[in-house]
Amino acid sequence: MSAPPKYSAAAAAPPRLRSDDDDDDDDDDDGNDDEETVDEEFISKSAGPVTMIPDVFTQLPPVRDDLETDTSEAQDETVEACLPFLAGQDDLFEYNEHGVPRINREKHIKFLHNSLGRLPGGFVAADASRPWFLYWSLSALTMLGEDVSHYREAVAETARGMQNDTGGFGGGGRQLSHMATTYAVVLALALVGGEEAFEVVDRKAMWKWLCSLKQADGGFQVCMGGEEDIRGAYCAAVIITLLNLPLDLTPESPAWTGDSSANLFTGLARYVRRCQTFEGGISGQPDAEAHGAYAFCALGCLALLDDPRRVIPKYLNVPRLISWLSSRQYAPEGGFSGRTNKLVDGCYSHWVGGCFPLIEACLSPAASSGQGGQADDSDRAGLPPVSESLFSKEGLIRYILCCCQDQSKRGGLRDKPGRLSDAYHSCYVLSGLSSAQNQWVLAGSDDKSATGVADPAWTVLPPLEDVQIFDKRDRIRPIHPVYAIPDENQRAIRSYFLAKDSEG
Ligand code: FPP
Ligand code: K
Ligand code: ZN
């Protein structure tokens, strides 16, 4: 891949063609922006005249802490690496009139098909992550509009070899079942879809295995004898609901109370609550450091336990969480960091960016009818009304399209300029782009379904006009805000097992 252009003082302050506070009336799409001075050299590298890059994305932050540390140096280097891309000055891109490059679908698609094939020897270290490669690549391909159903047979075959008789999937044949690899396999099967894929799962063994990981304090271990953490909580909730597993506990479960008073979900929300830290963010385990990946796990888990409008404010301090999540977005980069004083990284477009649809949903009024009832007013007290986005969607979209695309022959999406693309970042950068471009709202009743699992109706709306700095043809397929796969895929696997179970 080619090295990014070297940062220079000039790159930090490109010609100010149009800024945020300019008169909006003149905000037409015709590209004829006669009044502004246009730098010829700047334009020659672009597809057309760049008429609007707000200063906040092209200039160094106006307020700086004088203290120099390794952390501040790493931050400065990151800004330097990003600015030329954000300012529309990278030679490999064609920028639209907003200074935003197109998504390079063809190259990314090719990169992702390749990552489902035979990988070079160096990947042996990632052997236990093979299920993840399936999920990351299939999910990214799906979001880019590819039909992945022709992988059904191969994925089913591969998954069968990873399943243990004792339940769950390991990272490969004869590897211990793990919550994360099981989650990845189940999602991969949902993505390729169809009976042959769904029928791979031994649901009875899966249910027993999950019972054996369920702990008396409400959480889940990630594997037998392994750590209990919030990944376990989210993955378990996803697996249980997608496969329509019974919630009952086996007497062998560490959480078994001697009667039927506890089930797989008992105490899980309380466990999630214990992971909110003094910063307002969520840590992997109680009393650890808040990290963006865990914020998504917490919100995703809660959103599967009950209606987000009720359960999120009941178990989390939402204002503090919003404050922490908002602090993850940096300028001028526009992307998110994973934790305090660390760097932006494309994958947090999903882990952090994906929290906002869930937060926004929980701030929307509960349109509840029936016995599910409204969220308790005392839990919702003090929550702000949502009228606009809680983060800069424009900033995130700029970071993703300018800084996270490998424009060389390689293709794929990446952490940041100077890093190599990979399947993991391709998946989560695109997931983040999808949630920034599309809008999910919660509608209708929040009654619990017959299985005792909440099934609120998520509906996707087309992109908001004000974030349409990307070309319409660059819209990424919407994905479900909790399962992170298209709504129809999660619906298909759930209804398959629901129908099967009701047949008796
Ligand atoms: C720090 O990495 C990363 C973590 C502490 C958590 C990573 C976990 C996930 C990405 C996913 C977990 C979710 C599931 C569903 C399994 P770092 O120190 O390299 O990065 P940083 O500097 O950005 O924090
Ligand atoms: K990172
Ligand atoms: Zn990353």
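The structure displayed is predicted, hence computed values, not measured ones.

Draft legend 1. Local environment of the side chain of arginine 203. Position of arginine 203 among the secondary structure elements: in helix α9 (residues 203–213). For arginine 203, a relative accessible area of 15% puts it in the buried group. When near neighbours in sequence (up to four residues on either side) are disregarded, arginine 203 contacts Leu243, Asn244, Leu245, Phe497, Lys500 and Asp501.

Draft legend 2. Highlighting the site of ligand 1. In the vicinity of ligand 1, 13 residues are found, and the nearest of them are His291, Arg339, Lys342, Tyr348 and Tyr424. At a separation of 2.7 Å, an oxygen atom of ligand 1 approaches a polar side-chain atom of tyrosine 348. Notes on ligand 1: free accessible area 640 Å², of which the protein chains cover 70%. Looking at the shell around ligand 1, the elements that each hand over two or more residues are α10 (230–242), α12 (292–305) and α15 (348–351). Its residues placed into classes, the shell around ligand 1 shows nine nonpolar, one polar and three charged.

Draft legend 3. Summary view of the nonpolar core. Grouped together as the largest cluster of nonpolar side chains are 143 residues, with contacts concentrated most on Tyr135, Met179, Met206 and Leu210. Of the residues forming this core, the biggest block, 12 residues, is contributed by helix α7 (residues 179–192). If near-sequence neighbours (up to four positions away) are discounted, methionine 206 is found in contact with Gly167, Gly168, Phe169, Thr182, Val186, Val201, Ile239, Leu243 and Leu245.

Draft legend 4. Geometry of the coordination of the zinc ion (ligand 3). Distances from the zinc ion (ligand 3) to its protein donors, namely Asp345 (OD), Asp345 (OD), Cys347 (SG) and His425 (NE2), fall within the range 2.0 to 2.5 Å. Each of the four donor atoms around the zinc ion (ligand 3) contributes to a set of angles spanning 57 to 123°, which defines the coordination as irregular. As a motif over one chain, the donors of the zinc ion (ligand 3) read D-x1-C-x77-H. Here the zinc ion (ligand 3) and the potassium ion (ligand 2) are spaced 4.1 Å apart, and both take aspartate 345 as a donor. For aspartate 345, a relative accessible area of 9% gives the class buried. Judged by relative accessible area, cysteine 347 falls into the buried class, the value being 2%.

Draft legend 5. Focus on unusual backbone geometry. That bond from alanine 331 to proline 332 is cis: its omega, 5°, falls within 30 degrees of zero. If you check the backbone angles, aspartate 287 has positive phi at about 70° while not being a glycine. As for its placement among the helices and strands, aspartate 287 is situated in the loop between α11 (268–274) and α12. The exposed category is assigned to aspartate 287, whose relative accessible area is 79%. Residues other than glycine seldom take positive phi values, yet asparagine 341 does so here, at roughly 65°.

Conventions and cut-offs
Residues numbered from 1 in each chain as written. Chains lettered and ligands numbered in written order. Predicted model: local features only at pLDDT ≥ 70, side-chain atom pairs only at ≥ 80, totals over all residues. Heavy atoms only, no water. Helix = DSSP H or I, 4+ residues; strand = E, 2+ residues; numbered from the N terminus. Buried < 20%, exposed > 50% of the residue type's maximum accessible area, 1.4 Å probe, protein only. Contact = heavy atoms within 4.5 Å. Near = heavy atom within 4 Å. Polar contact = N/O pair within 3.5 Å; in protein donor to acceptor, adjacent residues only side chain to side chain. Areas by Shrake-Rupley, 256 points an atom, 1.4 Å probe, with all protein chains shown as cover. Nonpolar A, V, L, I, M, F, W, Y, C, P; charged D, E, K, R; others polar. Core = buried A, V, L, I, M, F, W, Y, C linked by side-chain atoms within 4.5 Å. Donors = N, O, S within 2.8 Å, 3.2 Å for Na, K, Ca; no water. Tetrahedral: all angles 85-135°; square planar, octahedral: opposite > 155°, others 65-115°.

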